[in-house]
Amino acid sequence: MKIKITADSTCDLSKELIEKYDIGIMPLHVALGDNDCLDGVTIQPSDIYAYYASAKKLPRSGARSSEEYRDFFKSFLDDGYDAVVHYDISADMSGSFDNAMLASQELSGVYVVDSRNLSTGTGLLVLDACDMAARGMDALDIAKRSRSRAGAVRASFIIDTLEFLYKGGRCSSLAYLGANLLQIKPVIEVKDGRMGIASKPMGRYKRCIEKYAEWVKSNCTAPDKTRCFVTHTKMDDGLTEKVTEIVRSWGIFDEILETTAGCTVTTHCGANTIGILFINDNGEAAD
């Protein structure tokens, strides 16, 4: 069976990984004022920083329509693929999954997976799907295993400033001012398909990153050792390398992949945001 693995652009996989695993990417809409762009195609994270610096506004992201998804899936089926297994950002964060599901019902051989995640939390499931396809698993079994593993994905990020969350209406002015005064660097974790605050380390950002890494390691109770992501927005010099070296020093993961977060994480969190993401199920999907 010839299977195409696809995902929306929020999976934050690098160009190199997309090419290596031949992954189809559906870019989401991102609007800069009246200018409608496509994530990773006609807009890059650097454009968001420039837009915010000049307009003091954040872009708006938007799901693709069911018609756009149908055409996207159909293009692979018309190209000779027997099936498509597609991964979307958590249904609790976007309408992308619902629209993709509507499109899949009009076609035969399309399986849509709600990643219950974002960024390379989704990307972990996507690369696992590529591994399964390479082993000869059929599309239905790939989708089933991915759904059973989604709850085991551990996705979290530490944020230097709440400015973008505040400007985007995702935190109150009181929380924003309090975080600045107390030098709180919140850790955002995805749980049950939604983002929430996991901890609030205080102090210099570099030291808070070290505390964050210690917290992540304490949650590596049953890691799938295949791979781990260190995913980040625009960072101050040396911080990305520091986190990567910390994770490497654990000696847990066979592969540590560094990726730059795309427009979705950038819009939510701003610069100096970094996360360590992995699957915590010993490499075995739940029954």
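Owing to the predicted nature of the structure, the values given are computational and were not obtained by experimental measurement.

**Let's talk about helix α2 (residues 45–55)**
Note that an α-helix has 3.6 residues per turn; residues three or four places apart therefore point the same way.
In step 1: Within α2 the residues assigned to the buried category are P45, I48, Y49, Y51 and Y52. Looking straight down α2, one finds its buried side chains confined to an arc of 165°; they lie on one side. Turned more than 90 degrees away from the buried face of α2, the exposed residues are A53 and S54.
In step 2: In the segment just after α2, K56 is the residue with positive phi, at about 55°.

**So, the packing of aromatic side chains**
In step 1: Using the criterion set out here, one finds six aromatic pairs in the structure.
In step 2: Taking 5.8 Å as the distance between ring centres and 50° as the angle between the ring planes, the aromatic pair formed by F253 and F278 counts as tilted. Pair noted here: F253 is in the loop between α10 (239–250) and β13 (256–260) and F278 is in strand β14 (residues 273–279), with a separation of 25 residues, a long-range link. By the burial criterion, F253 is buried, and F278 matches it.
In step 3: One aromatic cluster is present, built from ring pairs that chain together Y69, F72, F73, F76 and Y81.
In step 4: It is K2 that lies over the ring of Y81; its NZ or CZ is 4.5 Å from the centre.

**Focus: the nonpolar core**
In step 1: In this structure, I5, L13, V85, Y87, L127 and F229 are the most contacted members of the largest nonpolar core, which totals 39 residues.
In step 2: The element contributing the most residues to this core is helix α5 (residues 120–134), with seven residues.
In step 3: Counting residues in each nonpolar core, the second largest holds 21 residues, with C208, Y212, V247 and W250 among its members.

**Overview of the sheet that holds strand β4 (residues 35–38)**
In step 1: Within the open sheet, the three strands sit side by side as β4-β3-β5. Their pairing is antiparallel. For this open sheet the edge positions go to β4 and β5 (60–62), each flanked by a neighbour on one side alone. Along the sheet, successive strands turn relative to each other by an average axial angle of 30°, direction set aside.
In step 2: Pairing analysis gives four bridges linking strand β3 (residues 29–32) to β4, with the strands arranged antiparallel. Within β4, the position partnered with L32 by the bridge is N35.

Cut-offs applied
- Residues numbered from 1 in each chain as written.
- Predicted model: local features only at pLDDT ≥ 70, side-chain atom pairs only at ≥ 80, totals over all residues.
- Heavy atoms only, no water.
- Buried < 20%, exposed > 50% of the residue type's maximum accessible area, 1.4 Å probe, protein only.
- Helix = DSSP H or I, 4+ residues; strand = E, 2+ residues; numbered from the N terminus.
- Arc of directions from axis to C-beta.
- Phe/Tyr/Trp six-rings, centres within 6.5 Å; stacked < 30°, edge-to-face > 60°.
- Lys NZ or Arg CZ within 6 Å of the ring centre and 35° of its normal.
- Core = buried A, V, L, I, M, F, W, Y, C linked by side-chain atoms within 4.5 Å.
- Pairing = 2+ DSSP bridges.
- Axes fitted to C-alpha atoms, helices over the stretch in contact; angles between N-to-C directions.

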